[in-house]
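Structural overview for review
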Amino acid sequence: MAEKSGADILVETLLDLGVDTVFGYPGGAVLPIYDALYEHPKIKHILVRHEQAATHAAEGYARSTGKPGVVLVTSGPGATNAVTGITDALMDSIPMVVITGQVATNLIGTDAFQEADTVGITRHCTKHNYLVKKPSDLAQVVQEAFHIATQGRPGPVVIDIPKNVQVAATEYSSNATRTNTRYQPQTEGDFKAINAAAEMIMNAKAPILYTGGGIINSGPKASETLRELAELLGCPVTSTLMGLGAFPASSDKWLGMLGMHGTFEANMAMNKADLVVCLGARFDDRITGRLDAFSPNSKKIHVDIDRSSINKTIRVDLPVVGDVGRVMEQLIAVLKGRRFATPELAEWWSRITGWRATNCLEYPESKTEIMPQEAIRKLWQATHEREPIITTEVGQHQMWAAQHFDFESPNKWLTSGGLGTMGYGLPAAIGAQLGHPDALVIDIAGEASIQMNIQELGTASQYRLPVKIFILNNEYMGMVRQWQELTYESRYSNSYSDSLPDFVKLAESYDWTGIRIEDPADLEAGIQKMIETDGPVLVDCRVAKLANCFPMIPSGAAHTEMLLSAEDVKGTMDDQAKALV
Amino acid sequence: MHIYEEAVERHVLAVLVDNEAGILARIAGMFTARGYNIDSLTVADISEDHAVSRITIATNGPPHVIEQIIAQLDRLVPVHSVRDLTESGPHVQRELALVKVSGKGEHRIEAMRLADIYRARVVDATTESFIFEITGAPEKIETFVGLMREVGLVEVGRTGVVAIGRGPDPA
Ligand SMILES: Cc1ncc(C[n+]2csc(CCOP(=O)(O)OP(=O)(O)O)c2C)c(N)n1
Ligand SMILES: [Mg+2]
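If you're wondering where the values come from, they're calculated on a predicted model, not measured in any experiment.

1. Points about the overall build of chain A
- The number of helices and strands found in chain A is 22 helices and 20 strands.
- Taken over C-alpha atoms, the radius of gyration comes to 24 Å for chain A, in line with the 25 Å a tight globule of 581 residues would show.
- On the principal axes, the C-alpha backbone points of chain A span a range of 70 × 60 × 45 Å.
- Within chain A, the fraction of its 581 residues that count as buried is 55%.
- Taking the contacts inside chain A whose residues are at least 6 apart along the sequence as the reference set, 77% of them involve residues at least 24 apart.

Written out as structure tokens, the structure reads:
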């Protein structure tokens, strides 16, 4: 058997695993790997401008393609810069493998130059992590890492490779290993549980499907199965932020998103349902509101591939551990076997129609200012036929995008849900564009968030990626200002976006096209120009500065205590509410 | 505003794990990261090839937290199995302690007398001190150490609890 260096083994194993794109940034502790990449043009290396962006780009690539995202960074600052994106991927269950360089094994623990305890730092923000001490372990570790990142509930895996392990040689033949593996999550649902679920469904008078990112993670087939299940059950469907697109927004069964900025009908239906079927979602606090008031009269079924998500915050009546796509198939088979006929649920639907009549997503119109909601709707109208991939930053614009941009299919909506990371959207759009060279990819951004990874304009230019950025520029950290209005009597402490750059000039300096839209009358033309312009385009869309995002369930409130518009807001909050995030 | 705490119960968990670098940090760190309590934790490798370790964790928390602790442990990649011994029926708990006392006259005699009652062995003696070795359930050790406090306790080292289910089957 031939001897190979650790770096070569790494790169060849990546090729064996079908990796075609790596997002990275070089440095001393990964030079041997970069040198090996030089010999392997089959792997496309995307040079970002900051390691955090490499991780978000990998997330965007992963979320839009279903394949794991791969990141390569150096030791010390390279690894610590990557931590935000690694945590983001953990919270949103994104498959990702992050390779970090480390100082040579004999230097570990000596506070060597650019040494950081990467496995220590990332232990609790990864699904699993490794420090590889021998080149002969490398191939096996890399294979297991990809297996762990992608199987079960997906997540980030870090492989820390000391520099001497990259250089040292060991015997290697490419198909030698592949002895998988100790990690074998359960994907089939327990048959008894499926039958019990079918029983509960057959007895329900007011059922609702509450879906989440798990459906997207399970793969496009799960989205198909969800449609079939909803059709069979004849019941309404709502979703978390992460699950948008799994169910078509054009369906008459669709209630819109639920939770803090969800629709009135989705939240009321959750509150009044007699059966909640939770499919690949995790009863996050942004969804439940006040726990003791969450869907108080329902029986609850929770399907999740991660057992620790079940009964974590909300007690459920029937847990089903398994892959949500597979479990839905099993459930459909059992229901059909029992000759289940789609019930009419007429009374339930008539109540829902009543809630829908509030038109909770309506917003005040203006002739003088561009309303941010209007900008999103217009963006949707102008682009939806091309099935664009939408990424977002974090803030009001993100919630408006979730509310007003309708999705028909999965893997088109990429947003930082669990961690809520400002700066996610631009690098994620870059990653998505690389995975889908011909797609229209738009980052819906805020003027504050976009500055958190603005340096990535250069990455898009370098690789000729026609990414679009649509900034809803309200000159405020709008979401912070909104909370200050609700909670702190409008004392706007540090939420004004002062000293903004001229975004158009900034874009132009990176060889992007910059467009400014200020007048409502120019909105449509501006959007059209953005779509029609080849190459990357940044739009600085000046919107109403003080618009707020409604509906809203203030933190600590029940689903039935929604604020529908600014008029509903009165007084300040008590300390109990202030203490909640 | 006040912060309220829930009533807790004590559970002993037996966790089989891959005997690999960082495993203790992973387990102990998960407890701190998620705000769970560790009363004691013991670990040693138990398989012939040294590949598997058994970790015994005594923890406390409200029942729903205990359930979460088990689920969170179980999803760690190097964890093979988690058993809640408190939940799964009769089991034996043992802990070993080394207890140093010093004193003269009455106290010294009393210490010796108590040690005898508690079946603690003398493993070191000088004219003015003893080291006792005592094994037993944690409550027994607790009581013994408490008594020794009154007769000249100098220091105490405890192993933390190890536990195993009764009967012929493995946990
Ligand atoms: C990295 C990071 N820091 C801070 C926050 C807290 N935060 C949430 S939204 C927000 C303001 C975002 O402002 P902008 O991007 O302009 O969006 P807008 O709400 O105005 O639409 C802040 C500071 C965060 N989510 N992420
Ligand atoms: Mg803003």
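2. A look at the overall build of chain B
- Scanning chain B for helices and strands turns up 4 helices and 9 strands.
- Starting at the N terminus and walking to the C terminus, you meet the elements of chain B as β-α-β-β-α-β-β-α-β-β-α-β-β.
- Going through the 171 residues of chain B one by one, you find that 25% of them count as buried.
- For chain B, contacts bridging at least 24 residues in sequence account for 73% of all contacts bridging at least 6.

3. A few points about the nonpolar core
- Among the nonpolar cores identified, the biggest contains 176 residues, and Val71(A) and Leu279(A) are the most heavily contacted of them.
- Sort the elements by how many residues they give to this core and helix H6 (residues 135–150) of chain A lands first, with 7 residues.
- Counting 19 residues, the second-largest nonpolar core is a separate cluster that includes Leu13(B), Ala14(B), Val17(B) and Ile69(B).

4. Some points on the environment of Glu188(A)
All names here are of chain A.
- Within the element layout of this structure, Glu188 appears in the loop between strand E8 (169–171) and helix H8 (191–203).
- When the 13 C-beta atoms within 10 Å are taken as the criterion, Glu188 is described as partly exposed.
- Sequence-wise, Glu188 and Ile305 are 117 residues apart; in three dimensions their C-alpha atoms are separated by 9.3 Å.
- Contacts of Glu188, omitting those with residues within four sequence positions, involve Gly322 and Arg326.

5. Points about the confidence of the model for chain A
- With 98% of its residues at a pLDDT of at least 70, chain A reaches an overall mean of 96.
- Confidence scores differ between elements of chain A, with helix H22 (residues 575–578) of chain A showing the lowest mean pLDDT of 75 and strand E17 (residues 441–446) of chain A the highest of 99.

6. With respect to the sheet that holds E17(A)
Residues and elements named next belong to chain A.
- Ordered in space as E16-E15-E17-E18-E20-E19, the 6 strands form an open sheet in which the pairing is parallel. Taken across any chain shown, the strands that pair with only one partner, and hence form the sheet edges, are strand E16 (413–414) and strand E19 (513–517).
- Pairing geometry for E19 and strand E20 (residues 537–542), over 5 bridges, is parallel. Bridging across to E20, Gly514 finds its partner in Leu538.
- Across the sheet, helix H21 (residues 523–532) is in contact with strand E18 (468–473), E19 and E20; its angle to E19 comes to roughly 170 degrees.

7. Thoughts on the interface of chain A and chain B
- Counting from both sides, the interface comprises 15 residues of chain A and, opposite them, 16 residues of chain B.
- Only strand E6 (128–131) and H22 of chain A provide two or more residues apiece to the side of chain A that touches chain B.
- Looking at the side of chain A that touches chain B, its residues break down into 5 nonpolar, 5 polar and 5 charged.

8. Things to note about helix H3 (residues 51–65) of chain A
All names here are of chain A.
- Counted at 1.5 Å a residue, the expected span for H3 with its 15 residues is 21 Å, and the 21 Å between its end C-alpha atoms agrees.
- Of all 15 residues making up H3, 14 are buried, and the element is well covered by its neighbours.
- Looking one or two residues beyond H3, the residue adopting positive phi is Gly66, at roughly 85 degrees.

9. Remarks on the environment of Asp190(A)
Residue and element names in this part refer to chain A.
- For Asp190, the location among the structural elements is in the loop between E8 and H8.
- Residue Asp190 is classed as partly exposed on the basis of its 16 C-beta neighbours within 10 Å.
- Remark: the alpha-carbon pair of Asp190 and Met552, spanning 362 residues in sequence, is separated by 38 Å.

10. Notes on the confidence of the model for chain B
- Overall, the predicted model of chain B reaches an average pLDDT of 95, with 99% of residues at or above 70.
- Among the scores for the predicted complex, ipTM is 0.91 and pTM is 0.96.

11. Some words on the site of ligand 1
All names here are of chain A.
- As a matter of local geometry, ligand 1 sits amid 19 residues, with Gly395, Gly446, Ser449, Met477 and Gly478 nearest to it.
- The biggest single contributor to the shell around ligand 1 is helix H19 (residues 478–487), with 3 residues.
- For the shell around ligand 1, the residue count by class is 8 nonpolar, 9 polar and 2 charged.

12. With respect to the packing of helix H15 (residues 372–383) of chain A against H21(A)
Residue and element names in this part refer to chain A.
- Orientation of H15 relative to H21, taken along the N-to-C sense of each, is 45 degrees, at an axis distance of 10 Å. The orientation of H15 relative to H21 falls into the category oblique. Pair H15 / H21 crosses with right-handed handedness. For the pair H15 and H21, the contacting residues are Ala375, Lys378, Leu379, Ala382 and Thr383 in the first and Leu523, Glu524, Ile527, Gln528 and Ile531 in the second.
- Classifying every residue of the contact of H15 with H21 gives 6 nonpolar, 2 polar and 2 charged.

13. Let's talk about helix H4 (residues 77–91) of chain A
Residue and element names in this part refer to chain A.
- An ideal rise of 1.5 Å per residue puts 21 Å on 15 residues; H4 measures up with 22 Å between its terminal C-alpha atoms.
- The sharpest bend along H4 reaches about 40 degrees and sits at Val83.
- Buried residues along H4 sit against H3, strand E4 (69–73), strand E5 (96–102), helix H5 (118–122) and strand E7 (156–162).
- Directly beyond the C-terminal end of H4, a positive phi value near 55 degrees is found at Ser93.

About the criteria used
Residues numbered from 1 in each chain as written. Chains lettered and ligands numbered in written order. Predicted model: local features only at pLDDT ≥ 70, side-chain atom pairs only at ≥ 80, totals over all residues. Helix = DSSP H or I, 4+ residues; strand = E, 2+ residues; numbered from the N terminus. Rg over C-alpha atoms; globule rule 2.2 N^0.38 Å. Buried ≥ 20, exposed ≤ 12 C-beta atoms within 10 Å, placed from the backbone. Contact = placed C-beta atoms within 7 Å. Core = buried A, V, L, I, M, F, W, Y, C linked by C-beta atoms within 7 Å. pLDDT = per-residue confidence, 0-100. Pairing = 2+ DSSP bridges. Axes fitted to C-alpha atoms, helices over the stretch in contact; angles between N-to-C directions. Nonpolar A, V, L, I, M, F, W, Y, C, P; charged D, E, K, R; others polar. Expected span 1.5 Å × (residues − 1). Near = placed C-beta within 6 Å. Parallel < 35°, antiparallel > 145°, perpendicular 65-115°, else oblique. Left-handed = near helix turned anticlockwise from the far one by under 90°. Bend = angle between axes of the 7 residues up to and from the residue.

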